[in-house]
Amino acid sequence: MTGFLELADTTTRLRVDAVTGAVHALHHLADPHGMNWVTGPDDTFHPGAHDWGLGYLGTPLRMVTRLRRWQRATDVTAANGTITSSYDVDGVRVTVERSLRDGLVHEDYAVTNRLAEPVELGRLTVYTPLRTDLLLGARGLDLRCHAHVHAAGESSWICGIRMSGRGPHLGLAVTRGSLAGYVLDGAGELTGSAVRGDIGLALLDTQQDDDLPGARPVVLAPGESLGFGWTLFWHDGWQDFETRRHLLAPRPQIRLDELVVTLGEPLQATVTGVDHLLVRLPGEDRRWSPVPVADDRLSLTTDQPGLVELATGDPRAPGTIVTAAALPALPDLVRARTRFILRHQQVDDPGDRLDGALLPYDNRAGGIVRSHRPDLNDGRERLGMGVLLALAAPHDPDLRGGLDRYTRFVEAHLQAADGTVYDSATVQSADRLYNYPWMARFWLERYALDGAEEHLKNAQRVIGAFYDRGGAGFYPIGLPVLRTAEVLHARRRPDAAADLLTLYARHGDAIAARGLDYPTSEVPYEQAIVAPAAAILLELAVATGERGYADAARGHLDLLRAFDGRQPDARTNNVPIRHWDGYWFGLDRIWGDTMPHHWAAQSAWAYALAGLVHRDPAYRAAAGRTLRATLLTFEPDGTASCAYANALSVSGVRGRRFDPLANDQDWALVTALDIERLRSHKD
């Protein structure tokens with residue numbers, strides 16, 4: 001049989017490939033854009049083995065491992081409103097039944113052992129590749145989605161939010177079975193940063209720690225089956241998604257007031273459906289302990305930083321699991337981090353061209369990393385370490401010597417007399433526009449610190465060179481609009497402030513005129529294009545008092561919120577999706593989701609500005625939540641990581657771990673200090 005089988009009702013059309021048995025297309029019939037929510041054969045970067053509903057099962061990883069993929073159906077039949085796809089793979093039958101009722105697509109899976117001996121399963125994954133690629137850039141806002149995944153236990157789900165924020169959107173709620181996590185396959189050097197990878201929902205993964213969901217193997221006796229399934233449904237946004245999901249898959253609920261708190265502050269939760277929780281606190285003894293729930297409320301305090309897990313039922317297959325975190329106070333993080341930078345990440349060799357430079361640090365090996373990779377060099381994003389030192393120096397005089405040494409290195413090797421900013425001390429390329437605002441910010445902080453006129457002139461030259469090179473058409477990260485006004489007015493230089501604000505205003509006018517038709521950058525469309533657009537406009541609104549800039553930022557803020565997840569997990573809640581930073585900036589070069597990530601702090605900065613300008617407490621709350629999540633990349637001893645790989649695995653490489661490299665993450669602490677200062681502004 002060739003062609004397709006279809007299910008359709010008044011809202012939904014589902015198309016199944018008659019050869020593979022996989023879902024080929026899923027449409028909402030009232031969608032004016034005709035978006036197909038499923039990645040498939042029409043997407044040339046996508047491997048056919050990753051089509052929706054295909055997958056693999058395997059034995060636990062040993063010297064000899066048996067992997068079975070189901071990817072070509074033995075039968076695809078339609079009867080009584082149900083399409084059934086059947087697969088026979090080395091003595092195991094996989095059956096998928098799909099039905100459509102009242103706009104709900106139900107998918108039920110059964111894995112049956114048809115052999116005469118037991119089959120041991122250590123891995124089991126089903127692909128659910130929502131259409132998440134960024135290849136169309138801004139043209140794809142109504143044709144692509146952000147897929148926010150919470151894959152942990154029985155209460156697992158995916159919330160698909162169209163990138164434009166305009167509904168209808170698509171949700172998936174697990175209704176039977178328990179998930180171990182999710183994988184991303186197909187991401188890599190062949191596809192590049194614009195392809196997140198095909199999402200696979202993992203029911204079993206025995207390569208993780210033994211006490212985590214899905215970590216223990218399942219043995220199917222002859223004739224025995226393992227069943228699981230989920231329901232796909234349309235929704236109008238997060239609130240509607242939550243309402244519909246709970247109706248489809250009611251579970252005990254754990255709702256924390258805040259998922260990330262400062263050490264000493266209690267984690268406060270509302271709990272329904274159970275009289276106690278199992279809790280695992282940070283520390284060496286990571287055992288689960290029962291904690292009673294009184295009047296649907298629970299309060300926990302930990303004296304150690306780290307992750308706090310709360311679960312109902314068996315933690316290896318929990319009904320509900322929530323991951324919270326406790327952080328050291330911001331001044332303690334800044335102090336520990338800046339001292340670590342100067343002790344471990346600054347080159348100290350007067351005979352070396354890089355003397356005084358601040359370089360990445362390998363926490364695994366315990367040493368500085370010297371690399372010819374542009375994203376690990378002595379310039380570019382590493383300027384964030386210098387900015388952080390300058391911000392912290394007024395409160396820690398011990399930093400001044402190292403900061404002065406770094407300043408001499410920057411003057412000698414990273415910037416020309418005319419304001420041109422180089423990639424590094426050895427690569428005199430000056431084309432990367434991202435580098436210019438970061439260099440300008442460094443000189444502004446040096447000027448704020450000591451008032452040296454040459455520092456101001458350096459900042460002015462860099463900003464002038466940025467705009468001479470076409471900066472007004474670029475959406476940079478961290479353009480210091482508001483900081484320029486603050487520093488120069490504090491130093492009683494209103495003339496210089498006015499000149500630079502004139503340049504910034506032209507830039508803001510160009511962004512406002514362009515609207516949501518974003519230019520492509522190093523990634524065709526991403527959070528770090530939208531956040532700068534919003535931030536530049538909002539900073540201009542604060543610096544100039546002109547309301548038009550604030551109004552022009554509203555559309556950007558709406559798109560920015562669509563990037564943010566709302567999973568009950570400190571690492572992803574209010575954190576925007578990013579999925580390439582681990583490869584470009586990490587030592588282990590892992591593609592796929594990097595949440596949390598320090599550039600998420602740019603969203604926090606935009607929200608903090610919006611909270612101030614629009615006097616909106618919801619934006620202020622979002623700013624705090626996003627910011628605190630980014631600070632999870634820092635440890636109390638001053639060590640840090642540039643990326644956390646959130647998925648279980650990406651194209652076969654293990655995830656759920658921090659990259660060992662401290663690289664460019666210090667911009668998160670810079671932004672945290674900026675937001676602290678912003679709070680001093682009067683509404």
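Residues numbered from 1 in each chain as written. Predicted model: local features only at pLDDT ≥ 70, side-chain atom pairs only at ≥ 80, totals over all residues. Heavy atoms only, no water.

**Student:** It is not clear to me how the sheet that holds strand β21 (residues 267-272) should be interpreted in this structure. Could you clarify?
**Tutor:** Think of a sheet as strands paired side by side through backbone hydrogen bonds, with each pair either parallel or antiparallel. Spatially, β19-β21-β24 is the arrangement adopted by the 3 strands of the open sheet, whose pairing is antiparallel. Every interior strand has two partners, whereas the edge strands, β19 (253-256) and β24 (297-300), have only one. Here the strands of the sheet are splayed against their neighbours by 25° on average, with no regard to which way each runs. Pairing analysis gives 4 bridges linking β21 to β24, with the strands arranged antiparallel. (Pairing = 2+ DSSP bridges. Helix = DSSP H or I, 4+ residues; strand = E, 2+ residues; numbered from the N terminus. Axes fitted to C-alpha atoms, helices over the stretch in contact; angles between N-to-C directions.)

**Student:** I'm lost on empty space enclosed by the protein in this one. Help?
**Tutor:** By rolling a water-sized probe across the atoms, one finds the places where empty space is left. Tallied over the full model, the rule gives 4 cavities of 30 Å³ or more. As a volume, the largest cavity reaches approximately 220 Å³. In this structure, the largest cavity is lined by 21 residues; those nearest its centre are Arg441, Gly478, Glu539, Trp605 and Asp674. Of all the elements in the fold, those that place two or more residues in the lining of the largest cavity are α5 (435-450), α7 (481-490), α9 (527-544), α12 (600-613) and α14 (667-678). Partitioned by chemical class, the residues of the lining of the largest cavity number 12 nonpolar, 3 polar and 6 charged. (1 Å grid on protein atoms, 1.4 Å probe; cavity = no way out; pocket = protein on both sides within 12 Å on 5 of 7 lines; lining within 4 Å. Points joined across faces, edges and corners; volume = space filled by probe spheres on them. Nonpolar A, V, L, I, M, F, W, Y, C, P; charged D, E, K, R; others polar.)

**Student:** What is the right way to look at helix α2 (residues 330-344) in this model?
**Tutor:** Spanning 15 residues, α2 covers 21 Å between terminal C-alpha atoms, matching the ideal 21 Å at 1.5 Å per step. Residues of α2 that are buried include every one of Leu330, Leu333, Val334, Ala336, Arg337, Thr338, Arg339, Phe340, Ile341 and Leu342, and no others. The secondary structure elements touched by the buried residues of α2 are β27 (361-362), α3 (383-392), α4 (400-413), β33 (661-662) and α14. (Expected span 1.5 Å × (residues − 1). Buried < 20%, exposed > 50% of the residue type's maximum accessible area, 1.4 Å probe, protein only. Contact = heavy atoms within 4.5 Å.)

**Student:** Before we go on, may I ask you to explain the environment of His106 in this structure?
**Tutor:** Mapped onto the fold, His106 is located in strand β9 (residues 104-113). Counting along the chain gives 219 residues from His106 to Ala325, while the straight-line C-alpha distance between them is 35 Å. Here His106 is in contact with Glu97, Arg98, Ser99, Arg101, Trp230 and Thr231, once residues within four sequence places are set aside. Polar contacts involving the side chain of His106 include one to the side chain of Thr231, which spans 3.0 Å. (Polar contact = N/O pair within 3.5 Å; in protein donor to acceptor, adjacent residues only side chain to side chain.)

On their own, these measurements won't tell you what the molecule is for.
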